[in-house]
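An overview of the molecular structure
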Amino acid sequence: LISHNTFTMNNLSANYERILEVLRKISNENLLSYQRRVPKMKDLELISLALTAEYMGIDSENHLFRQLPKAIKCKIERSVYNRRKRRLSNKINDLRMKIAESFNEFEKFFIIDSMPVEVCKLSRSGTSKICKDAEYCYPNRGFCASQQMSFYGYKLHAVCSVNGVFQSIDLSPASVHDIHYLKDIREQLSNCTLLGDKGYLSSEIQIDLFNYANIELETPKRINQKEYKPQFYLYKKQRKRIETLFSQLCDQFMIRRNYAKSFLGFKTRILSKILTLTIIQTINRNQNRNINNLKINIT
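Read on for an overview of the structure. Not measured: the values here are computed from a predicted model. (Residues numbered from 1 in each chain as written. Predicted model: local features only at pLDDT ≥ 70, side-chain atom pairs only at ≥ 80, totals over all residues. Heavy atoms only, no water.)

**Here's the deal with the nonpolar core**
Residues I47, L156, F166, L249, F266 and I279 are the most contacted members of the largest nonpolar core, which totals 71 residues. The element that contributes the greatest number of residues to this core is helix α10 (residues 263-286), accounting for 10 residues. With residues up to four places along the chain from it excluded, the contact list for L249 reads L156, F166, M254, I255, K273, I274 and L277. Among the nonpolar cores identified, the runner-up in size contains 16 residues, and V159, I185, L209 and I215 belong to it. (Core = buried A, V, L, I, M, F, W, Y, C linked by side-chain atoms within 4.5 Å. Buried < 20%, exposed > 50% of the residue type's maximum accessible area, 1.4 Å probe, protein only. Helix = DSSP H or I, 4+ residues; strand = E, 2+ residues; numbered from the N terminus. Contact = heavy atoms within 4.5 Å.)

**Considering the packing of aromatic side chains**
For the structure on display, the rule yields 5 aromatic pairs. On the numbers, 5.3 Å between centres and 70° between planes, the contact of F65 with Y81 is edge-to-face. Within this pair, whereas F65 is found in helix α3 (residues 61-71), its partner Y81 is found in helix α4 (residues 78-87), the two being separated by 16 residues in sequence. Note on accessibility: F65 and Y81 belong to one class, buried. Following the ring pairs from residue to residue traces out a cluster consisting of Y136, Y154, F263 and F266. In this arrangement the basic side chain of K132 is found over the ring face of Y138, its NZ or CZ atom lying 5.9 Å from the centre. Here the basic side chain of R186 rests over the ring of Y212, its NZ or CZ set 3.9 Å away from the ring centre. (Phe/Tyr/Trp six-rings, centres within 6.5 Å; stacked < 30°, edge-to-face > 60°. Lys NZ or Arg CZ within 6 Å of the ring centre and 35° of its normal.)

**Considering the pattern of salt bridges**
Taken as a whole and judged by the stated rule, the model has 13 salt bridges. Note that D251 and K295 form a salt bridge whose closest N and O atoms lie 3.1 Å from each other. Of this pair, D251 sits in helix α9 (residues 240-251) while K295 sits in the segment after α10; the two residues are 44 residues apart in sequence, bridging distant segments of the chain. Its relative accessible area of 49% is what places D251 among the partly exposed residues. Judged by its relative accessible area of 61%, K295 is exposed. (Salt bridge = Lys/Arg side-chain N within 4 Å of Asp/Glu carboxyl O.)

**Things to note about unusual backbone geometry**
Its identity is not glycine, yet Q148 carries a phi of approximately 50°, on the positive side. Phi at N214 is positive, roughly 55°, even though this residue is not glycine. For N214, the location among the structural elements is in the loop between α7 (203-213) and β6 (215-218). Classification of N214 by relative accessible area gives partly exposed; the value is 36%.

**What to know about helix α5 (residues 89-104)**
With 16 residues, α5 extends 22 Å between its outermost C-alpha atoms, agreeing within 8% with the 22 Å of an ideal straight helix rising 1.5 Å per residue. Of all the residues in α5, the buried ones are S89, I92, L95, R96, I99, A100, F103 and N104. Taken around the axis of α5, the buried residues stretch over an arc of 155°, which confines them to a single face. (Expected span 1.5 Å × (residues − 1). Arc of directions from axis to C-beta.)

**Comments concerning the side chain of T276**
Topologically, T276 is positioned in helix α10. A relative accessible area of 2% means that T276 is categorised as buried. Polar contacts involving the side chain of T276 include one to the main-chain carbonyl oxygen of S272, which spans 2.6 Å. When neighbours within four sequence positions are excluded, T276 is seen to be in contact with L51, E54, Y55 and F253. (Polar contact = N/O pair within 3.5 Å; in protein donor to acceptor, adjacent residues only side chain to side chain.)

**With respect to the environment of L249**
By the secondary structure assignment, L249 is in helix α9. Assessed through its relative accessible area of 0%, L249 is described here as buried. Sequence separation between L249 and L277 is 28 residues, and the spatial gap between their C-alpha atoms is 8.1 Å.

**Let's talk about the packing of helix α2 (residues 43-55) against α10**
Between α2 and α10, the shortest axis-to-axis distance is 9 Å and the interhelical angle comes to 80°. One way to sum up the angle between α2 and α10 is to call them roughly perpendicular. Contact with α2, carried on its side by I47, L51, E54 and Y55, involves R269, S272, K273, L275, T276, I279 and I280 of α10 and no other residues of that element. Residues of the contact of α2 with α10, tallied by class, amount to 6 nonpolar, 2 polar and 3 charged. (Axes fitted to C-alpha atoms, helices over the stretch in contact; angles between N-to-C directions. Parallel < 35°, antiparallel > 145°, perpendicular 65-115°, else oblique. Nonpolar A, V, L, I, M, F, W, Y, C, P; charged D, E, K, R; others polar.)

See the structure below:
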């Protein structure tokens, strides 16, 4: 019989090679131009390892590094791995954007929404030092209307296509209103229709988006508004796609489980999870499967 550890090692090695193969098609091996020494593990290999851990649900680095020497022939210290992974956070997002562009190049309909991402429980927020390494990125207390709960941390703002591929993402402190994210969106999208919920309802911003970038913002109206009429049923149906993506991030990729202490570490974890999701979608597309069937064997 094959032991569980041997099976895990084989899986880790095979998944690592599969993800690395996808990354090599869109990028060079070395992403950072300046490195004092030639690293034993190239930048793309390090990112591939981080994404493999996210795909396999290995959220304990102790467990990952116990398996690593047997599964992958590469020596890297855990502290070096963490430091380099944080330095590569912007490159991780660049890779995600390259893949997203290949999916969404001719897309004309996008969906916008946000979800709460806690850094710790409200009861610990007064004494918590998590993500407080710089004043600009302090987490704070916010309220999630859809879940009717207060939380302490950040909001993950996202735009995805109707097919379910993330186009744009951003983090803000929990107290920032969703509508402020639209100011960034007008610099990133143009000539499209943007579907949102009632949180994005603003006639002023609707006009601004249309005049600035030819973005048509479609939101359901409140019942007590003048000229109220129900939103087009197809728009309402398509808006659920981003809610499904958020659920997959919470369920399969455990996005609400946080072990990071610094904001850069926290941001890198979030970006890694979303890039992993996007790579699984790419593998599914290459094999003519439903791109949003994420619980699959990629090897």
